[in-house]
Amino acid sequence: MKKLIALSLALIMCLFAFVGCSVENADAPAADDTTEAPKQKLIVGYTLYEPMNYKDASGNLVGFDTELAQLVAAKLGMDVEFKLIEWSNKYLELESGAINCIWNGFTSNCADDDGIQRSDKVDFSYAYMNNEQCVVVKAENAATLNTAQALADKKGAAEEGSAGEGVVKGFLADEKNYIGCAAQTATLNELMSGNVQFVVIDKTMAKTIIGKGDYASLTIVDSIEIPSEKYSVGFKKGSDLTAKVNGAIKELAADGTLAALAEKYGLSNYVITEYN
């Protein structure tokens, strides 16, 4: 009889324990399944190049390309990270995965110094801006260095790996008179110091800074015309980002955002806003 009572009590205690656990679990908060997955990151390779990507007075990265990349990333639901690169290493940075796009006034309709078209090396987005290379000299020499022939026996500089590099070498009778620089601003320092007599840089940059501030002694040689170019974003071959960025750029052009951004940076005469 005692065994039967003990067994009954044990069963009752187990029942209460089970009910207690059930009530306790019912009161416990449900697992949080609303946590958002981390956003995919758009890693943008750039160089300092006003007005495309540059630092403002507070040290913040700004510029047309900077803001356009941010707007596109927002449309794609991605975070954007900017990585400063050496322009001559842009393809290595892209192939290694250190960046997943080159977005920095990247001319898409030209060949590199090796003769290979850039479009054979990377996939390009829609062209979003027109550009030209231009010759810059000291203002005191503008009257004599105003033709391509006048540059042939001079020394010239351009950013290594840039569209301007091929232009400079094309002007020079002897390529030994060419100086390659790490950045477009570095070519201007070479010019002001007298190490070269002319440089070739992007006109979008030249129109923003030449003849002003630190570069007040320099001038653009408008009489030397160079074929126009187009800026696009460069991606690794086969990247699915190309089509996604194209869609975002097209939307930003259609709603007027692209034109407004160009106006903000004084690029209204260069921006492309019509897409089929």
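Numbering of residues begins from 1 in every chain and follows the order in which that chain's sequence is written. Per-residue local features of the predicted model are confined to residues with pLDDT of at least 70, and side-chain atom pairs are confined, for both listing and counting, to 80 or more; whole-chain, interface and lining totals are unaffected and use all residues. Side-chain measures here rest on the full set of heavy atoms in the structure, leaving out hydrogens and waters.

Peer 1: Outline the overall build of the protein, supporting the account with residue identities and numerical values.
Peer 2: Put simply, DSSP H or I for four residues or longer makes a helix, DSSP E for two residues or longer makes a strand, and each gets a number counted from the N terminus. The helix and strand inventory of the protein stands at nine helices and 12 strands. Note on exposure labels: buried denotes an accessible area under 20% of the residue type's maximum, exposed denotes more than 50%, and partly exposed covers the range between, all computed with a 1.4 Å probe on protein chains only. Taking all 276 residues of the protein together, the buried fraction comes to 43%. Residues count as neighbours in contact if any of their non-hydrogen atoms are within 4.5 Å of one another. The long-range share in the protein, meaning contacts at least 24 apart out of those at least 6 apart in sequence, stands at 69%. Note on areas: Shrake-Rupley with a 1.4 Å probe; residue coverage comes only from the protein chains shown. Surface accessibility of the protein: about 14,300 Å² in total, with carbon and sulfur atoms responsible for 53%.

Peer 1: A description of the side chain of Gln-133 should follow, citing residues and the corresponding values.
Peer 2: When you line up the elements, Gln-133 lands in strand β7 (residues 129-138). Taking relative accessible area as the criterion, Gln-133 reaches 2% and is therefore assigned buried. Residues adjacent in sequence count toward polar contacts only when both atoms are side-chain atoms; beyond that, a polar contact is any pair of N or O atoms within 3.5 Å, and within protein one must be able to donate a hydrogen and the other to accept it. A distance of 2.6 Å separates polar atoms of two side chains, one belonging to Gln-133 and the other to Asp-202. With residues up to four places along the chain from it excluded, the contact list for Gln-133 reads Ala-163, Gly-164, Val-167, Val-200, Ile-201, Asp-202, Lys-203, Ile-226 and Glu-229.

Peer 1: Summarise helix α6 (residues 184-193); cite the residues concerned and give the values.
Peer 2: What α6 keeps buried is the set Gln-184, Thr-187, Leu-188 and Leu-191. What you see down the axis of α6 is that its buried residues fit within an arc of 100°, all on one side. On its buried face, α6 is in contact with β7, β8 (156-159), β9 (178-181), β10 (198-202), α7 (203-209) and β11 (218-221). Directions from the helix axis toward the C-beta atoms define the arc.

Peer 1: For the environment of Ile-179, give the residues involved together with the corresponding values.
Peer 2: Within the fold, Ile-179 resides in strand β9. A sequence separation of 11 residues divides Ile-179 from Val-168, and the C-alpha atoms of the two residues are 9.3 Å apart. Those residues within four positions of Ile-179 in sequence are excluded, and the remaining contacts are Gly-156, Ala-157, Ala-158, Glu-190, Asn-195 and Val-196.

Peer 1: Mind laying out unusual backbone geometry, listing which residues take part and the relevant values?
Peer 2: Of the consecutive residues Glu-50 and Pro-51, the connecting peptide bond is found in the cis state with omega at 15°. Among the secondary structure elements, Pro-51 is positioned in the loop between β1 (41-46) and β2 (54-55).

Peer 1: Give me the lowdown on the nonpolar core, citing residues and values where you can.
Peer 2: Buried residues of nine kinds, namely Ala, Val, Leu, Ile, Met, Phe, Trp, Tyr and Cys, make up a nonpolar core once their side-chain atoms join them within 4.5 Å. Within the largest apolar cluster, 51 residues are counted, with the highest numbers of intra-cluster contacts made by Phe-64, Trp-103, Val-136 and Ile-210. In terms of residues, this core owes the most to one element, helix α8 (residues 241-254), which gives six residues. Aside from chain neighbours lying at most four places away, what touches Ile-210 is Val-136, Leu-188, Ile-201, Tyr-215, Leu-218, Thr-219 and Ile-220. Counting 16 residues, the second-largest nonpolar core is a separate cluster that includes Val-137, Ala-158, Tyr-178 and Phe-198.

Peer 1: Describe the pairing of β9, with residues and values.
Peer 2: Bridge analysis of β8 against β9 gives four bridges, and the strand direction is parallel. Following the sheet pairing, Gly-156 is matched in β9 by Tyr-178. The handedness of a crossover follows from its direction of travel: if, with the strands pointing away from the viewer, the path from the first strand over the helix to the second runs clockwise, the crossover is right-handed. Running through helix α5 (residues 163-171), the crossover from β8 to the neighbouring parallel element β9 is right-handed. DSSP-based pairing: two strands are paired if at least 2 bridges between them are found.

Peer 1: Could you give me a rundown of the confidence of the model for the protein, with the residues and numbers involved?
Peer 2: With 87% of its residues at a pLDDT of 70 or more, the protein has an overall mean of 90. The pLDDT value tells you how sure the predictor is about a given residue, anywhere from 0 up to 100. Counting contacts from residues 1-29, a segment whose pLDDT is below 50, to residues more than four positions away or on other chains yields zero contacts.

Peer 1: Outline the environment of Leu-258, supporting the account with residue identities and numerical values.
Peer 2: Mapped onto the fold, Leu-258 is located in helix α9 (residues 257-264). As for Leu-258 and Leu-71, which are separated by 187 residues in sequence, their C-alpha atoms are 9.6 Å apart.

Peer 1: Explain the side chain of Ser-162 to me, and be specific about the residues and the numbers.
Peer 2: By secondary structure assignment, the location of Ser-162 is in the loop between β8 and α5. Owing to a relative accessible area of 13%, Ser-162 belongs among the buried residues under this scheme. In this structure the side chain of Ser-162 is engaged in a polar contact, spanning 3.3 Å, whose partner is the backbone nitrogen of Gly-164. In this structure, Ser-162 is in contact with Trp-87 and Arg-118, ignoring residues within four places of it in sequence.

Peer 1: Mind laying out the packing of aromatic side chains, listing which residues take part and the relevant values?
Peer 2: Here a pair means two rings of Phe, Tyr or Trp (six-membered ring of Trp) with centres within 6.5 Å. Their orientation is stacked below 30 degrees between planes, edge-to-face above 60, and tilted elsewhere. Per the stated rule, a full pass over the model turns up eight aromatic pairs. Taking the centre distance of 6.2 Å and the plane angle of 85° together, the rings of Tyr-46 and Phe-82 count as edge-to-face. Of the two residues, Tyr-46 sits in strand β1 while Phe-82 sits in strand β4 (residues 79-84), which places them 36 residues apart along the sequence. Note on Tyr-46: relative accessible area 6%, which makes it buried. Arranged with centres 5.4 Å apart and planes meeting at 90°, the rings of Trp-87 and Phe-106 form a pair that is edge-to-face.

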